[in-house]
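# Architecture and fold: a report
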Amino acid sequence: MNESDDAFDAIILIMVLAIFTPIMIYCAIPFFKGDVGGFGVQIEKTALETKSEIVPTERDMTTDDIMLMLVVADRNTPSPKKIRLNTFGAPTEFSIDDNFLANKVLMLQNAKAAMPSTVPVHLELFTGPSGMRFWDVHP
């Protein structure tokens, strides 16, 4: 009886080895080639390899950004609700109030006329002892 159990165990062992050895070799081939592991290996084939650190650069603000600020202005705009455009010499001030919001299209046309298109500008916040006063836009 023991001899038949040993023979049966040997046959099962040979069948298991015959099934799992090719699978094990197939999965081990990348390890033998050196394609898996380490920091120099690119796992994701669709992503580009990073050559250096990604350093953020400061984006220049243009008059188009100022126009976008005025377009998205609404009743919930934080203080100060005043912007001064100093692009052509004579400053033009816009207060973000009910009058501005009621006549927004006309005010945006006036702001567009007061500024040249796509010119780099600086945006500064002028403050005083009583708090924030206005945003100043100048070239």
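Residues numbered from 1 in each chain as written. Predicted model: local features only at pLDDT ≥ 70, side-chain atom pairs only at ≥ 80, totals over all residues. Heavy atoms only, no water.

Examined against the element boundaries, His122 turns out to sit in strand E3 (residues 122–128). Relative accessible area serves as the criterion here: at 46%, His122 is assigned to the partly exposed category. Measuring from C-alpha to C-alpha, the distance between His122 and Pro139 comes to 5.9 Å, with 17 residues separating the pair along the chain. Once residues within four sequence positions are removed from consideration, His122 is found in contact with Asp136, Val137, His138 and Pro139. (Helix = DSSP H or I, 4+ residues; strand = E, 2+ residues; numbered from the N terminus. Buried < 20%, exposed > 50% of the residue type's maximum accessible area, 1.4 Å probe, protein only. Contact = heavy atoms within 4.5 Å.)

The grouping of Phe8, Ile12, Val16, Ile19, Phe20 and Ile23 at the surface amounts to a nonpolar patch, some 570 Å² of accessible area in total. Position of Ile23 among the secondary structure elements: in helix H1 (residues 2–33). (Patch = residues over 30% accessible without salt bridge, like charges linked within 9 Å, V, L, I, M, F, W, Y side chains within 5 Å. Areas by Shrake-Rupley, 256 points an atom, 1.4 Å probe, with all protein chains shown as cover. Salt bridge = Lys/Arg side-chain N within 4 Å of Asp/Glu carboxyl O.)

Three or four residues apart is the spacing at which side chains of an α-helix point the same way, because the helix has 3.6 residues per turn. Of the positions making up helix H4 (residues 104–114), those classed as buried are Met107, Leu108, Ala111 and Ala114. Projected down its long axis, H4 shows its buried positions confined to an angular sector of 120°, all on one face. Residues of H4 that are exposed and point over 90 degrees away from its buried face: Val105 and Ala113. (Arc of directions from axis to C-beta.)

Our next topic: the packing of helix H2 (residues 63–71) against H4. The geometry of H2 relative to H4 is characterised by a closest axis approach of 10 Å and an angle of 165° between their N-to-C directions. Relative to H4, H2 is oriented roughly antiparallel. Relative to H4, H2 is oriented so that their crossing is right-handed. Contacts between H2 and H4 involve Asp64, Met67, Leu70 and Val71 from the former and Lys104, Leu108, Ala111 and Lys112 from the latter. Grouping the constituent residues of the contact of H2 with H4 by class yields 5 nonpolar, no polar and 3 charged. (Axes fitted to C-alpha atoms, helices over the stretch in contact; angles between N-to-C directions. Parallel < 35°, antiparallel > 145°, perpendicular 65-115°, else oblique. Left-handed = near helix turned anticlockwise from the far one by under 90°. Nonpolar A, V, L, I, M, F, W, Y, C, P; charged D, E, K, R; others polar.)

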